[in-house]
Amino acid sequence: MSKRVALVYRDRIFSPNSVEKDRAILEAVGRRLASRQLDVSYVEEREVSGLVGADIILSMGRFNSTLDYLQQLSDRRCRVINSSRSVRAAARKHLDDLMRCNQIPAAPLFDSQMPAAGGVKYWVKRGDASAQSAEDVRFAHDASEVRAILADFSQRGITETVVTEHVEGDLVKFYGVLSTGFFRMFYPTDDGDTKFDDEARNGQACHYSFDLEALRGCADKLARLTGLMVYGGDCIVRRDGSFALIDFNDWPSFSRCREEAADAIASLV
């Protein structure tokens, strides 16, 4: 009997402006696995309770109920990629702490007691989960605006946040599949493909020279620290070639390199 592989779609609430792209990468992987005589099926995140019997689960799910259920299956020796523990470890506040404790370059933190000198801008982000809307990642022009946004977050019931200084430089998006050799990077302003238009804050990329292998090393290190096998993220490359990671997440859409990424993920399975 062939191995049974279930692929779990991410719920629409966790795919703002990216629903079709997220589904496309999962289906591209599924086609490759089916061609290798694996028994492949697809499940909506809200229907994961029917997954008993799968040998391997590739999940983009993020609901707490989804993660709890997949953890139960994992405890019964079902392989889940990415694991529930790794997805939870990728919550923004925990990620920020991991980077600072493990010498992975991050944007400077906002100090509410001693804000940076005039002219410094900031990003205020929800820290308990990935962004579900543009309101979860907010740009602030000064410290007073930071406080206003934090107050708004509090009213929305978001009490865990990460506030960092805005870093000037080239925005770079990167994608990886751990243990396969797959790692790609792109400048989103080169093709104009954007989720919330926040990329425009840094302007058109100047393509500053930087150490790509150093970025890859930092990304893979963070992937291992969290346990994410399939990951993506953003960093800012400064004029002097130094960089700061500003985002890291599970199962990106790989829209700029979907076919290559699907090959790598299928090989991982």
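Residues numbered from 1 in each chain as written. Predicted model: local features only at pLDDT ≥ 70, side-chain atom pairs only at ≥ 80, totals over all residues. Heavy atoms only, no water.

Engineer: Got a sec to walk through helix 4 (residues 92-101)? Specific residues and values, please.
Structural biologist: Residues of helix 4 that are buried include every one of Arg-92, Leu-95, Asp-96, Leu-98 and Met-99, and no others. One face of helix 4 carries all of its buried residues, which in axial projection span an arc of 160°. Residues of helix 4 that are buried in the fold lie against helix 3 (84-89), strand 5 (122-126), strand 6 (137-140), strand 7 (161-165), helix 7 (212-226) and strand 11 (243-250). (Buried < 20%, exposed > 50% of the residue type's maximum accessible area, 1.4 Å probe, protein only. Helix = DSSP H or I, 4+ residues; strand = E, 2+ residues; numbered from the N terminus. Arc of directions from axis to C-beta. Contact = heavy atoms within 4.5 Å.)

Engineer: For the sheet that holds strand 10 (residues 230-237), give the residues involved together with the corresponding values.
Structural biologist: Here we have four strands laid out as an open sheet, ordered 9-8-10-11, and antiparallel in their pairing. Each end of this open sheet is capped by a strand with a single partner; those strands are strand 9 (182-186) and strand 11. This sheet shows a mean twist of 20° between the axes of neighbouring strands, independent of strand direction. With respect to the sheet, helix 8 (residues 258-268) is in contact with strand 8 (170-177), strand 9 and strand 10, its orientation differing from that of strand 9 by roughly 155°. (Pairing = 2+ DSSP bridges. Axes fitted to C-alpha atoms, helices over the stretch in contact; angles between N-to-C directions.)

Engineer: Could you give an account of empty space enclosed by the protein, naming the residues involved and the relevant values?
Structural biologist: Under the defined criterion, the tally for this structure stands at two cavities of 30 Å³ or more. Mapped onto the lining of the second largest cavity, the elements with two or more residues apiece are helix 4, strand 7 and strand 11. Its residues assigned to classes, the lining of the second largest cavity shows nine nonpolar, one polar and five charged. (1 Å grid on protein atoms, 1.4 Å probe; cavity = no way out; pocket = protein on both sides within 12 Å on 5 of 7 lines; lining within 4 Å. Points joined across faces, edges and corners; volume = space filled by probe spheres on them. Nonpolar A, V, L, I, M, F, W, Y, C, P; charged D, E, K, R; others polar.)

Engineer: Lay out the sheet that holds strand 6 in plain terms, naming residues and giving numbers.
Structural biologist: Taking strand neighbours across the sheet as the criterion, the three strands line up as 6-5-7 in an open arrangement whose pairing is antiparallel. Of all strands in the sheet, those with a lone pairing partner are strand 6 and strand 7, marking the two edges. Across the sheet, the mean angle from the axis of one strand to that of its neighbour is 20°, orientation sign disregarded. In this structure, strand 5 lies alongside strand 7, joined through five bridges in antiparallel fashion.

Engineer: Could you give me a rundown of unusual backbone geometry, with the residues and numbers involved?
Structural biologist: Along the chain, Ile-81 connects to Asn-82 via a cis peptide bond; the corresponding omega equals -10°. With respect to the secondary-structure elements, Asn-82 resides in the loop between strand 4 (79-81) and helix 3. Unlike most non-glycine residues, Ser-179 shows phi in positive territory, near 70°. Structurally, the position occupied by Ser-179 is in the loop between strand 8 and strand 9.

Engineer: Explain the layout of surface pockets residue by residue, including any values.
Structural biologist: Estimated volume of the largest pocket: approximately 240 Å³. Lining the largest pocket are 13 residues, with Arg-62, Asn-64, Leu-67, Asp-128 and Ala-129 positioned closest to its centre. Those elements that provide at least two residues to the lining of the largest pocket are helix 2 (64-75) and helix 3.

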